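These are the residues of each chain, in order.
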Amino acid sequence: MSIKRLATYFILLTMAVALCACNIKNTAQLPAEPDYSKDKFWSIKDENIKHKVDVFFVHPTTYGPPANGRLIADLNDQKLNHVTDRDTVQWITAAYAGSCNVFAPRYRQMNIEVLQMDDQHLQEYLKTPVADIEAAFKYYLNNLNNGRPFILASHSQGSFVLQTLLRNKPKLLDKNKLVAAYMPGWTFTNQDLHDLGLKLSEKPEQTGCLITWNTIGPDGISPTIKNGARCVNPLSWNTATDEFPASMNIKAKIFLSPGKKLLIKNFTAARINEAGALEIPTPKGEVAKQLNMSLGKEVYHRYDYDFFFYNVQKNVKQRCEAYLKRHK
């Protein structure tokens, strides 16, 4: 073998070893994947089945900065699990629990820092939560559902993950069993709806449809609202762009901190604006100063469910009853 060829061989060998080492390092950095046959990988797994309908809920981002280089959550992080369960999963699924058996998996969510990356990096990190929710949903269907109809529910990153999963694996979803999909906190375009094979809600009793919205004030610019965003108003449960009055808002249940909440009847009016956002009048000063504005001025992303909590609760009951009536 010539010296030149030998040098080339060693260069290629060195590159291959370096690449393998890099891949091993990246694999080692990724937290262990969940085994959904084990209870510890479920935030809620109803053991007492008392309803005829289930809800499968995928929670929003609760893994915030700083990531310190660990951009995917470790499901052995007991502190993160506790905060996620208490402040988010239990809080939101309470809107469903009166009508549905609740199933809410833990998953290796992306740190909020990832959601600010360019699309190429975002898509790479997205593979992990999507794989987890696919595994959780399959386990739920095969071992926990027992043939019952179900609601898909989510928020924010959870809606992004479910959207991606159902676009990639459309056969996972039995639309005959789908009561409705409540997926606020992320953009759904007409193309997304076409790819998912779902229509937006146009009336409160409609089944097999998708419901989504992103809440802002008049000056809010939300990072979750992309071009072409579609919206369902949770006061009217349709896509009409009229402003629906606060008198239609049954009651808000607003999370402030563990053990502290605001309950406000007829909290806000709402309309779908030209950008496809759910626009509300700026809340009154006493309420506004207590709100978490981490995503920007008048971006009420954290409160997509909270501001319309009892409307959601009532509507879940309406759609479940409508589905069961039609499928006697």
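The structure contained in this document is the topic of the report that follows. Each chain carries its own residue numbering, running from 1 in the written order of its sequence. Given that the model is predicted, a residue must reach a pLDDT of at least 70 before its local features are reported, and side-chain atom pairs must reach 80 or more before they are shown or counted; all residues, however, enter totals for whole chains, interfaces and linings. Side-chain numbers come from the whole structure's heavy atoms, not from hydrogens or water.

A run of DSSP states H or I qualifies as a helix once it reaches four residues; a run of E qualifies as a strand once it reaches two. Both are numbered from the N-terminal end. Looking only at helices and strands, the protein features 7 helices and 11 strands. Taken over the C-alpha trace, the protein has a radius of gyration of 22 Å; the compact-globule value for 328 residues is 20 Å, and the two agree within 12%. Reported as C-alpha extents along the three principal axes, the dimensions of the protein are approximately 85 × 45 × 40 Å. Burial analysis of the protein (328 residues in total) assigns 51% to the buried set. Summarising the internal contacts of the protein: among those between residues at least 6 apart in sequence, 77% fall at separations of at least 24. Summed over all atoms, the accessible surface of the protein reaches about 16200 Å², with 53% contributed by carbon and sulfur. For the protein, the distance from the average site of its 41 positive side-chain charges to the average site of its 31 negative ones is 4 Å. The quantity called the radius of gyration is restricted to C-alpha atoms. Its globule counterpart is 2.2 Å times the number of residues to the power 0.38. Exposure classes here rest on a 1.4 Å probe applied to the protein chains alone. A residue is buried below 20% of its type maximum, exposed above 50%, and partly exposed in between. Contact between two residues is taken to exist if any of their heavy atoms lie within 4.5 Å; hydrogens are not considered. Throughout, the Shrake-Rupley method with a 1.4 Å probe supplies accessible areas, and for residues the shown protein chains are the sole cover considered. A positive count includes Lys and Arg, and a negative count includes Asp and Glu. His and the chain ends are not counted in either. By convention, the point assigned to a charge is CZ for Arg, NZ for Lys, CD for Glu and CG for Asp.

Here the focus is the packing of aromatic side chains. What counts as a ring pair is set by centres within 6.5 Å for rings of Phe, Tyr and Trp (its six-membered ring), and what kind of pair is set by the plane angle: stacked under 30 degrees, edge-to-face over 60, tilted for all other angles. Per the counting criterion, the structure on display carries 20 aromatic pairs. Judged by centre distance (6.1 Å) and plane angle (20°), the rings of F137 and Y140 are stacked. A residue pair is termed a helical-turn pair when its members lie 3 or 4 positions apart in one helix, as F137 and Y140 do in helix 3 (residues 119–144) at 3 residues. Here the two residues F137 and Y140 agree in accessibility, since each one is buried. Geometrically, the ring pair formed by F267 and F307 is tilted, given 4.8 Å between the ring centres and 50° between the ring planes. Here the residue F267 occupies a position in the loop between strand 9 (260–265) and strand 10 (271–272), and F307 occupies one in the loop between helix 6 (285–288) and helix 7 (309–326), the gap between them amounting to 40 residues. Of the residues examined, F267 reaches a relative accessible area of 14% and is grouped as buried. With relative accessibility at 0%, the residue F307 sits in the buried group.

This part takes up the pattern of salt bridges. The term salt bridge refers to a side-chain nitrogen of Lys or Arg lying within 4 Å of a carboxyl oxygen of Asp or Glu. Per the stated rule, a full pass over the model turns up 15 salt bridges. Between E134 and K138 there is a salt bridge whose closest N-O contact spans 2.9 Å. Taken as a pair, E134 and K138 lie in helix 3 at a separation of 4 residues, close to a single helical turn. Put simply, D192 and R167 hold a salt bridge, and the shortest N to O gap is 2.5 Å. Highlighted residues: D192 in helix 5 (residues 190–196) and R167 in helix 4 (residues 157–168), separated in sequence by 25 residues. A residue is classified by how much of its surface remains accessible, and R167, at 36% relative accessible area, is partly exposed.

This part covers the sheet that holds strand 7 (residues 215–216). Two strands form a pair only when DSSP identifies at least two bridges running between them. On the basis of which strands lie adjacent, the open sheet formed by 3 strands has the order 7-11-10 and mixed pairing. Each edge of the sheet is formed by a strand with only one pairing partner; in this case those strands are strand 7 and strand 10. Relative to strand 11 (residues 278–279), strand 10 runs antiparallel, the two sharing 2 bridges. The residue of strand 11 that forms the bridge with R271 is E279.

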